[in-house]
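Tertiary structure, described
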Amino acid sequence: MVRKSITRFRKSLEARHRELRLSVVQTQKETLIAQHDYGKDEGDRANTSLAKEMQLGHKSRDRALLGAVEAALKRITDGTFGECLNRAQEINAKRLEAIPWVRYCITCQELIDGT
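Residues numbered from 1 in each chain as written. Predicted model: local features only at pLDDT ≥ 70, side-chain atom pairs only at ≥ 80, totals over all residues. Heavy atoms only, no water.

**Considerations on helix H2 (residues 42-78)**
- Over its 37 residues, H2 runs 54 Å from end to end, which matches the ideal 54 Å to within 8%, given 1.5 Å per residue.
- Looking at H2, one finds that the buried residues are Thr 48, Gln 55, Lys 59, Asp 62, Leu 65, Leu 66, Ala 68, Val 69, Ala 72, Leu 73, Arg 75 and Ile 76.
- Two or three places before Gly 43, at the start of H2, stands the capping residue Asp 41, its side-chain oxygen 3.1 Å from that residue's backbone nitrogen. (Helix = DSSP H or I, 4+ residues; strand = E, 2+ residues; numbered from the N terminus. Expected span 1.5 Å × (residues − 1). Buried < 20%, exposed > 50% of the residue type's maximum accessible area, 1.4 Å probe, protein only. Polar contact = N/O pair within 3.5 Å; in protein donor to acceptor, adjacent residues only side chain to side chain.)

Structure, rendered in C-alpha cells:
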C-alpha cells in the first residue's frame, strides 16, 4: 500500500480512536450518575432501567469498535495494514475507505458471515 494512503488511514483511525475513548468515558460517567437516580415511582425506575440498558449497549459497541481500531493501528505499525488476516491478500481500497479497521477481504468476510 502507498505510504501516503497509510498516513491518511493512520490519521483517520487515530481520530476515531480518540472519539471512541471519549465516548466510553462519557458513558461510564453517565452510568455512575444513573446508578444514583432511582426515581420516585415505577415509571421513573423503568425509564432509568431502559436508559442504563441503552448505555451499556453503546458502551459495549464502542469498546468493541475501539478494539478493532486499536488492532488496525497496530497493523499499520506492523506493516500489515490493508492485508486480509485470513489470506494475506490485499483488501480492496474502497472497502478500506468505508471501514478502515476492517480485517478481512470481502470474500473472507462473506465466508465468515455465512452469506
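Don't stop here, the text continues.
**What about the pattern of salt bridges?**
- The final tally for this structure, using the stated rule, is 4 salt bridges.
- Close ionic contact of Arg 16 with Glu 19 constitutes a salt bridge, the shortest N to O distance being 3.2 Å. Residue Arg 16 and its partner Glu 19 are both found in helix H1 (residues 3-35); the two are separated by 3 residues, about one turn of the helix.
- Judged by relative accessible area, which is 28%, Arg 16 ranks as partly exposed. (Salt bridge = Lys/Arg side-chain N within 4 Å of Asp/Glu carboxyl O.)

**Here we look at the state of the cysteines**
- For the coordinates displayed, the defined rule picks out 0 disulfides.
- Free of any disulfide, Cys 108 has its nearest cysteine sulfur in Cys 105, 3.6 Å distant. (Disulfide = S-S within 2.5 Å.)

**Quick word on the environment of Asp 62**
- As for its position among the elements, Asp 62 is in helix H2.
- What makes Asp 62 buried here is its relative accessible area of 3%.
- Separated by 39 residues in sequence, Asp 62 and Ser 23 have C-alpha atoms that sit 7.3 Å apart.

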